[in-house]
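Now for the letters of each chain:
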Amino acid sequence: MVRVAFINPFSEEGRQMVRELGNIKSLYEENAHLINLVNRSRSQDISDEGSIPHNHIDMALKRLEWYMKKKNDPSFDYRKYAYLLDPEITKFDVIAFYLLSQAIGVKFGPNSRESRAMVESQGKLMESRLGELFKSEKRVLVAQILNSLLMDEVKWTFFEDLLSSKKIKLPDLIIDQGNIILNKEDFMESFSSKIKHRDPDKMYNLLVGDHIKELIMTKMIMQKTENYISTVYEKSRREVEPNPLLLELAEEISKILSETTMSYGYGGSYGGEVKASPLNPKAFPPCVKTVLEGIKSGGRNDAIILFLTPFLSYARLYPDVFRRNVTMKVSDVDPQLKVVENEILPLVYGAAERCSPPLFEDQPQEKVNINAKMGFGMHTQIELKHEGETTWYTPMSCEKVKLHLPSLCKPDETCKKIGNPLSYYIRKLREIKGDEDGSED
Amino acid sequence: MEREESPILKPATLDERRKYYREEWDVKEIPEFIRESVLKREFGFDHMGRGPNDRYRVFRSADLLRKFLRYRAPFAAYSSVAFYDKPRRRDGWIKSELVFDVDAKDIPLRMCGCEGVCEICLNQAREIVCSLMDTLKGDLGLNDIHVVYSGRGYHIRVLDESVMKMDSDVRAQIVKYIIGAEVPHNEYAEEGVTYNLEHFSIPFGYPHVFTLRAKYSILHLSEAIQMEGVNQKLVKDAIKHQELIKNDEWGIFRNKIGPIRYQRLMNGIASLNMGLVDAKVSIDLKRILRLPSSLHSMVSMKSMEVKNIENFDPFEDAVPRFVYERKD
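Scoring rules and cut-offs
- Residues numbered from 1 in each chain as written.
- Chains lettered and ligands numbered in written order.
- Predicted model: local features only at pLDDT ≥ 70, side-chain atom pairs only at ≥ 80, totals over all residues.
- Heavy atoms only, no water.
- Helix = DSSP H or I, 4+ residues; strand = E, 2+ residues; numbered from the N terminus.
- Buried < 20%, exposed > 50% of the residue type's maximum accessible area, 1.4 Å probe, protein only.
- Contact = heavy atoms within 4.5 Å.
- Areas by Shrake-Rupley, 256 points an atom, 1.4 Å probe, with all protein chains shown as cover.
- Axes fitted to C-alpha atoms, helices over the stretch in contact; angles between N-to-C directions.
- Parallel < 35°, antiparallel > 145°, perpendicular 65-115°, else oblique.
- Left-handed = near helix turned anticlockwise from the far one by under 90°.
- Pairing = 2+ DSSP bridges.
- Domains from an automatic or database assignment.
- Lys, Arg positive; Asp, Glu negative; His and termini not counted.
- Salt bridge = Lys/Arg side-chain N within 4 Å of Asp/Glu carboxyl O.
- Buried area = accessible area lost by both parts, 1.4 Å probe.
- Polar contact = N/O pair within 3.5 Å; in protein donor to acceptor, adjacent residues only side chain to side chain.
- Phe/Tyr/Trp six-rings, centres within 6.5 Å; stacked < 30°, edge-to-face > 60°.
- Lys NZ or Arg CZ within 6 Å of the ring centre and 35° of its normal.
- Expected span 1.5 Å × (residues − 1).
- Bend = angle between axes of the 7 residues up to and from the residue.
- Core = buried A, V, L, I, M, F, W, Y, C linked by side-chain atoms within 4.5 Å.
- Nonpolar A, V, L, I, M, F, W, Y, C, P; charged D, E, K, R; others polar.

Colleague: Help me out: how do you make sense of the overall build of chain A in this one?
Modeller: Of regular secondary structure, chain A possesses 20 helices and two strands. Summarising its shape, the C-alpha atoms of chain A cover approximately 70 × 60 × 55 Å along the three principal directions. In chain A, which comprises 441 residues, the proportion classed as buried is 51%. Restricting the contact set of chain A to residue pairs at least 6 apart, pairs at least 24 apart contribute 70%. Accessible surface computed for chain A: about 21,200 Å², of which carbon and sulfur atoms make up 49%.

What follows is the structure in structure tokens.
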């Protein structure tokens, strides 16, 4: 029987494994037991010495590398990481999990690309491990873990964190009178009288069954991972210097992510770095074009201030923001603020002027809000001394646009492939560049 | 033919506002859920009819709010959905009501074609509110729900403690769930075999919510409607087979329309549903909303808490006395 900690490192069993670890210095020492387990794992490729972890630190790095390569490397070879799906490895895996989470927590915090990769990798690992089990074994294991994570009656509001981080979408859950329906008995009691011309058992298996339970379990453990990283981060801010070993490991983690990003692009995006360059209106998405023409009905303020200003400023100065995930200030790219004054603001003001009625005619105070959204505080003039008083707002996602400004969203074919107007812009820029290169040929 | 707007719906003069607040209005008409939390809320006022520019007002008691309204007779009065430790600075956010704003002039598929609001679109807004409330109660199990007639539509205000601390992202998910903003999956897998189950064959959960909203939309379609990705021919065909939807014969309707066109129609309806409520009101944790019992001076109607939405008629229940005393 697979141990609970193989799936849930937060289980009591998992925590006990960490308590039993002993001397932290041993983490770098060659571990014959680990090497032996890896070599014995079914399907493991042992021809390449480089793919065998030799100690706990190696194991931690391989754990993350597996995810990054699996996600991004078209020639990913699962046999190099087969041991990660072998339950025999549980003890080493749990320690690797905590090492990674702590290193990411102390060095990068919960809102970093490293944290995101760690949380996602934990999710994928659980999914892959469950996929290797027999149905009956999987069912028992999932039930056991869920029992420890949930009460008998679960309200949907219990999943507030998962809903907020979009790990779970409300329509994925079957809810009745506020309760999430997971068990067959509850399902039958709530819905069997409503189901006509179909077998209620079959309906339960299709709509709830094992997959919703697995989904909830997986997402809850992912959320716990995120929360754990956050707790470590908070603690490290309050307390003494973090362990140098963790900082060293954090550097290695960052390297793995950067190497994969440079080779294949992070988050599935293609192509390399996108540098700041003059705006190309031909690449603007339909929603931006609409706002630039001026808003003729309601929602002028939100369209100009919350939507257009962040879009234009990031598209011009820092189009790579989502790919790099590093916070920057406007002046990091435009130290004299010449681009802001000569290129970005004229476009924003022009769009405001074309609104009906012109935005600044009845609401001149909104100029201050434009400055605020670029990070220059609530002031009438953009000045470097005020930079940082407010946050440089990142462009709204398509989902937010649909909620805030539904009339703007008139998607074209490219829109179906992106989740943010800025991604549209980058994609289009590449297409235009590709066409131009092609025509030169 | 376009219906004319009701003669009631014309702006109130300053004298009429004064008359309303001094002779007709009573502080006890402010719902208890606001009166008991006056200290924690921000208040805002519009004195000239140019928007609520007088913000960040606080009152130490309902009686001080009463005096202010009596004396100033504002064009419009608002209070925050948020509770703060320091409402004067909008600082120390504690929690916010979960709010859904159904504005009669903005709902999709209006049957009236009027410019502003009229009896017909207000009644449509009321029907939508009833249906959203059923989902809030039946699916999401929420109970502390208050409906307020705003003067041009309705506010659903939820005060269940379990949702009041939720952030904007969770609220966005709730809005999308109750309005049916996404077409549910139609493929479900079991042991490697995929089965096709359309939303209308699942009588519970989100698929059922979507079916109810889609039914409402199809039954209110008109040929003039513009829907994303849906051409005029498809709209016409949907209207032609409306009767089938009325009788819940969805399978036959889908066959008549054709499965690919049906999918296109559902996508169009999902995006139309986004207009059922003003979603940005729901996700804004610091919004101010029209104060129930105050006067909506633009249309000379009382904003008021509605005790029984099924029977509520704003043209009977929310018309201030001064309107009946008008000479013209």
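Now that the structure has been shown, we can carry on.
Colleague: It is not clear to me how the packing of helix α13 (residues 300-317) of chain A against helix α16 (residues 338-353) of chain A should be interpreted in this structure. Could you clarify?
Modeller: When two helices pack together, you describe them by how their axes are tilted relative to each other and by the distance separating the axes. Residues and elements named next belong to chain A. For the pair α13 and α16, interaxial distance at closest approach is 10 Å and the crossing angle is 150 degrees. In terms of axis orientation, α13 runs roughly antiparallel to α16. Taken as a pair, α13 and α16 cross one another with a handedness that is right-handed. Across the interface between the two elements, Ile304, Leu308, Thr309, Leu312, Ser313, Arg316 and Leu317 from α13 touch Val339, Val340, Glu343, Ile344, Leu347, Val348, Ala351 and Ala352 from α16.

Colleague: What am I meant to see in the sheet that holds strand β7 (residues 145-149) of chain B here?
Modeller: Two modes of strand pairing occur in sheets, parallel and antiparallel, and in both the strands are linked by backbone hydrogen bonds. Residues and elements named next belong to chain B. If you walk across this open sheet you meet the four strands as β6-β8-β7-β14, and the pairing is antiparallel. In this open sheet, the two edge strands, each paired with only one partner strand, are β6 (98-103) and β14 (304-306). When the angles between neighbouring strand axes are averaged without regard to direction, this sheet yields 25 degrees. When β7 meets strand β8 (residues 153-158), the two strands line up antiparallel, connected through five bridges. Note that in β8 the partner of Ile145 across the bridge is Val158. Taken strand by strand, helix α4 (residues 119-138) contacts β6, β7 and β8, and its axis lies near 15 degrees from that of β8.

Colleague: I would appreciate a short explanation of the domain arrangement of chain A in the present structure.
Modeller: Often, the extent of an interface is quoted as the loss of accessible area upon association of its parts. Split by domain assignment, chain A resolves into domain 1 (4-149 + 211-267) and domain 2 (281-440). Each of domain 1 of chain A and domain 2 of chain A was reduced to a C-alpha centroid, and the two centroids are 38 Å apart.

Colleague: Looking at this structure, how should I read the side chain of Arg152 of chain B?
Modeller: All names here are of chain B. Structurally, Arg152 is set in the loop between β7 and β8. Despite being buried, Arg152 has no salt bridge partner; Asp103 is the closest side chain of opposite charge, sitting 4.7 Å away. Filtering out sequence-adjacent residues up to four positions away, Arg152 remains in contact with Asp103, Ala104, Lys105, Gly116, Val117, Leu122, His296, Met298 and Val299.

Colleague: What am I meant to see in the domain arrangement of chain B here?
Modeller: Residues and elements named next belong to chain B. By domain assignment, chain B separates into domain 1 (1-181 + 278-321) and domain 2 (187-273). Taken together, the contacts link 16 residues of domain 1 with 13 residues of domain 2. The contact between domain 1 and domain 2 buries some 1,300 Å² in all, and 57% of this surface belongs to carbon and sulfur atoms. Contact with domain 2 buries surface across domain 1, with Leu109, Tyr177 and Gly180 losing the most and accounting together for 41% of the total. Our count for the domain 1 to domain 2 interface comes out at zero salt bridges. On the surface where domain 1 and domain 2 come into contact, there are eight residue pairs in polar contact (both at pLDDT 80 or more). Sort the elements by how many residues they give to the side of domain 1 that touches domain 2 and α4 lands first, with six residues.

Colleague: Sorry if this is basic, but what is going on with the sheet that holds strand β11 (residues 288-290) of chain B here?
Modeller: Residues and elements named next belong to chain B. The four strands lie next to each other as β2-β1-β3-β11, forming an open sheet whose pairing is antiparallel. Each having just a single partner strand, β2 (54-57) and β11 make up the two edges of the open sheet. Going across the sheet, the axis of each strand differs from the next one's by a mean of 25 degrees, ignoring polarity. On top of the sheet, helix α3 (residues 62-72) reaches β1 (43-46), β2 and β3 (76-80); it is set at about 5 degrees to β1, its chief contact.

Colleague: I'm lost on the pattern of salt bridges in this one. Help?
Modeller: When the charged atoms of two side chains lie near each other, side chains of opposite charge can form a pair. Residues and elements named next belong to chain A. Tallying each qualifying case throughout the model produces 48 salt bridges over all chains. Its salt-bridge partner being Arg3, residue Glu13 comes within 3.3 Å of it at the nearest N-O pair. Taken together, the positions of Glu13 in helix α1 (residues 12-19) and Arg3 in the segment before α1 put the pair ten residues apart, joining distant regions of the chain. Residue Glu251 pairs with Lys107 through a salt bridge whose shortest N-O separation is 3.1 Å. Of this pair, Glu251 sits in helix α11 (residues 244-264) while Lys107 sits in helix α4 (residues 90-107), and the two are 144 residues apart along the sequence.

Colleague: Would you take a moment to explain the interface of chain B and chain A for this structure?
Modeller: Contacts between the two partners involve 35 residues from chain B and, on the opposite side, 35 residues from chain A. With both chains or domains summed, chain B and chain A bury close to 3,300 Å², and 62% of this area falls on carbon and sulfur atoms. On the chain B side of the contact with chain A, Gln173, Phe204 and Lys280 of chain B bury the most area, a combined 20% of that side's loss. Residues Asp169 of chain B and Lys166 of chain A are paired through a salt bridge, measuring 3.6 Å at the closest nitrogen-oxygen approach. Mapped onto the side of chain B that touches chain A, the elements with two or more residues apiece are α4, α5 (161-164), α6 (168-179), β9 (187-190) and α12 (279-283) of chain B.

Colleague: How do you make sense of the packing of aromatic side chains when you look at a structure like this?
Modeller: For any pair of aromatic rings, the description consists of the separation of the ring centres together with the inter-plane angle of the planes. Summed over all chains, the structure comprises 31 aromatic pairs over all chains. When the centroid spacing of 6.2 Å and the interplanar angle of 75 degrees are considered together, the rings of Phe10 of chain A and Tyr98 of chain A count as edge-to-face. Taken as a pair, Phe10 of chain A in the segment before α1 and Tyr98 of chain A in helix α4 lie far apart in primary sequence, 88 residues in all. Summarising the aromatic geometry, the rings of Phe253 of chain B and Tyr262 of chain B are spaced 6.3 Å apart at their centres and angled 75 degrees between planes, so their arrangement reads as edge-to-face. The same class applies to Phe253 of chain B as to Tyr262 of chain B, namely buried. When the ring centre of Phe10 of chain A is taken as origin, the NZ or CZ atom of Lys224 of chain A, which lies over that ring, is 5.9 Å away. Sitting over the ring of Tyr393 of chain A, Lys373 of chain A keeps its end group 4.7 Å from the ring centre.

Colleague: What am I meant to see in α13 of chain A here?
Modeller: Residue pairs spaced three or four apart in an α-helix point in one direction, given the helix's 3.6 residues per turn. All names here are of chain A. Taking 1.5 Å of rise per residue, 18 residues should cover 26 Å, and α13 covers 24 Å from first to last C-alpha, within 8% of that figure. The largest bend along α13 measures about 40 degrees and falls at Leu308, with the proline Pro310 one to four residues further on. The buried count for α13 comes to 17 of 18 residues, which makes it a mostly enclosed element.

Colleague: In this structure, what is going on with the pairing of β9 of chain B? I would like to understand it.
Modeller: Side-chain positions along a regular strand alternate between the two faces of the sheet. By the alternation rule, side chains of β9 of chain B split into Tyr188 and Glu190 of chain B, which are all buried, and Glu187 and Ala189 of chain B, of which none is buried. Hairpin connection of β9 of chain B to strand β10 (residues 193-196) of chain B: two residues between the antiparallel strands, including Glu191 of chain B at a positive phi of 50 degrees.

Colleague: Before we go on, may I ask you to explain the side chain of Asp45 of chain A in this structure?
Modeller: Residue and element names in this part refer to chain A. Inspection of the secondary structure puts Asp45 in the loop between α2 (32-40) and α3 (56-72). Despite its burial, Asp45 pairs with no opposite charge, the nearest such side chain being Arg79 at 5.0 Å. Side-chain polar atoms of Asp45 contact the side chain of Ser47, separated by 2.6 Å.

Colleague: Please explain the environment of Leu308 of chain A as it appears in this structure.
Modeller: Residues and elements named next belong to chain A. Structurally, Leu308 is set in helix α13. Classification of Leu308 as buried rests on a relative accessible area of 0%. A C-alpha to C-alpha distance of 13 Å links Leu308 and Arg354, two positions 46 residues apart in sequence. If we ignore the near neighbours within four places in the chain, the residues touching Leu308 are Val288, Val291, Leu292, Ala303, Val348 and Ala351.

Colleague: Got a minute to help me understand the nonpolar core in this structure?
Modeller: Nonpolar side chains tend to gather and get buried jointly when the protein is soluble and globular. Formed by 191 residues in total, the largest nonpolar core has its most connected members in Trp156 and Ile216 of chain A together with Phe100 and Ile174 of chain B. Not counting residues within four places of it along the chain, the set of residues in contact with Phe100 of chain B comprises Leu136, Tyr154, His155, Ile156, Val158, Ile174, Val175, Ile178, Val277 and Ser282 of chain B. Formed by 47 residues, the second largest nonpolar core is a distinct cluster that contains Phe307, Leu308, Val321 and Leu337 of chain A.

Colleague: So what exactly am I meant to see when it comes to the packing of helix α7 (residues 205-219) of chain B against helix α11 (residues 259-273) of chain B here?
Modeller: All names here are of chain B. Packing of α7 against α11 brings their axes to within 10 Å, and their N-to-C directions diverge by 95 degrees. The orientation of α7 with respect to α11, classified from their angle, is roughly perpendicular. Residues Phe210, Arg213, Ala214, Ser217 and Ile218 of α7 form the contact with α11, whose own contacting residues are Met266, Ile269, Ala270 and Asn273. For the contact of α7 with α11, the per-class residue count stands at six nonpolar, two polar and one charged.

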